[in-house]
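Structure at a glance
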Amino acid sequence: MSEPILKTLIIETRASVADIPDEDWQRLAGTSNPFLRREFFQALEESGCTSPDTGWTPSYLVFRHGNQLIGLAPAYLKTHSRGEYVFDWGWAEAYQRYGLPYYPKLLVAIPFTPSVGPRLLLAPELRQHLTPQLLHNALDALTDRLGAHSWHVLFPDSEDQILLNNGQGFHRLGCQFHWHNRNYQSFTDYLSALNSRRRKAIRKERRQVAEQDITFTRFHGQNIPAHVLAAFYVFYQATYLKRGQRPYLNQAFFEQLHRDLPEHLHLIMAMKDGQMIAGALFLQSESTLYGRYWGCLEEYKHLHFETCYYQGIELALSLGLSHFDAGAQGEHKLIRGFEPTRTHSWHGIRHPGFREAISEAVHEESEQVQAYIAEAETLLPFKEQSAH
């Protein structure tokens, strides 16, 4: 794609995934990542989880040259900062103190999903010639045109980071804890890579779950019965209600996901005395297991660790996957062999007066995150001779 064509590049928004041809979506997004599937966004929209009423107004970015669609990005106009997992509450409060509006903001992200992955779904010829400067300028102009006050790109992969890496915007670092399959053939094989203390502790935790007469049943895709999915949703909902919050996702979303994307879904239910007592829903790509949704009604010793982490590791091993992303935050994962992993986000602040102050805060935060990750790496429970 030549420079003259870049100069004629148009970025527009679409109010629904239904306004984007399916063949264009599949061509640019592929079918391996469940969080980039068109059906995933359809389920969010049609269930009402992403809508103006929930503060997530769909505003998909469309990169167009003439009549040719050469790029997409999942995007939303947001009127709050919930469900993002990159926290900018402090920025919003600072705006409020000065009597300035922080919202709406333009968010390029997967709703309610802190998983690293492609965010800019660009045709190769566009990606090859698009520069960080041009991209930032285009996002700035689009933000102004939409009446928003900032733009944000959350959890982009390494390829998108190259395009976003421009001193013009703010680059924030975060940390998650991910499990990696180092050619383990079984859970026992994985445990053998840990030091003796942690190996014994994990075995003890698993034994104490079993001693409570708790067992686990796996379901996959179309083999997930409707009543089991309904029971899972009760557990999932309870996780939020215990904290006095409404769940981000409703039962209709999970039912539609089950109907339209069954090949990506795995459900693990904890059983006691013939009754379901907890559940965790996982999504799968070609290489990664994503642990995203969990819940229970009553607390049992180590049940969360077993259902979400140990059962997840066993599932990833059985599927031959190399990576297990079990969700945001959670230092408790570190001592269970989940390794600190850098996450990234880029932010374009349109108010000139706030740019300098936020820039200083982001720089300081980055140094703190780097130090935190360095310290976390020293606390991993692997044997010294294990290479990670």
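The text that follows walks through the structure, step by step, so that each part is easy to find. (Residues numbered from 1 in each chain as written. Predicted model: local features only at pLDDT ≥ 70, side-chain atom pairs only at ≥ 80, totals over all residues. Heavy atoms only, no water.)

**A closer look at the sheet that holds strand 5 (residues 75-78)**
Strand order in the open sheet made by the eleven strands is 2-5-6-8-15-9-14-13-12-11-10, with mixed pairing throughout. Both edges of this open sheet fall to strand 2 (56-58) and strand 10 (214-220), since each of them pairs with a single strand only. Mean inter-strand twist for the sheet, computed between neighbouring axes without regard to direction, equals 30°. Of the strands in this sheet, strand 9 (170-180), strand 10, strand 11 (265-272), strand 12 (275-284), strand 13 (288-296) and strand 14 (323-325) touch helix 12 (residues 303-319), which is tilted by about 45° from strand 12. (Pairing = 2+ DSSP bridges. Helix = DSSP H or I, 4+ residues; strand = E, 2+ residues; numbered from the N terminus. Axes fitted to C-alpha atoms, helices over the stretch in contact; angles between N-to-C directions. Contact = heavy atoms within 4.5 Å.)

**Observations regarding the pattern of salt bridges**
Per the counting criterion, the structure on display carries 22 salt bridges. As a salt-bridge pair, Glu 12 and Arg 14 come within 3.0 Å of each other at their nearest N and O atoms. The class for Glu 12 is partly exposed, based on a relative accessible area of 22%. Looking at Arg 14, the relative accessible area reads 23%, which means it is partly exposed. Taking the shortest distance from any N to any O, the salt bridge between Asp 260 and Arg 259 comes out at 2.9 Å. Of the residues examined, Asp 260 reaches a relative accessible area of 24% and is grouped as partly exposed. Assessed through its relative accessible area of 57%, Arg 259 is described here as exposed. If you follow the salt bridges from partner to partner, you end up with Lys 78, Glu 84, Asp 88 and Lys 105 in one network. (Salt bridge = Lys/Arg side-chain N within 4 Å of Asp/Glu carboxyl O. Buried < 20%, exposed > 50% of the residue type's maximum accessible area, 1.4 Å probe, protein only.)

**Quick word on unusual backbone geometry**
Omega for the peptide link from Tyr 103 to Pro 104 comes to 5°, which places this bond in the cis form. Counting through the fold element by element, Pro 104 comes out in the loop between helix 4 (89-97) and strand 6 (105-108). Positive phi is not limited to glycine here, since Asn 183 has a value of about 60°. Residue placement: Asn 183 occurs in the loop between strand 9 and helix 8 (187-192). For Asn 183, a relative accessible area of 65% puts it in the exposed group. Here the phi dihedral of His 302 falls at roughly 65°; this positive angle occurs in a residue that is not glycine.

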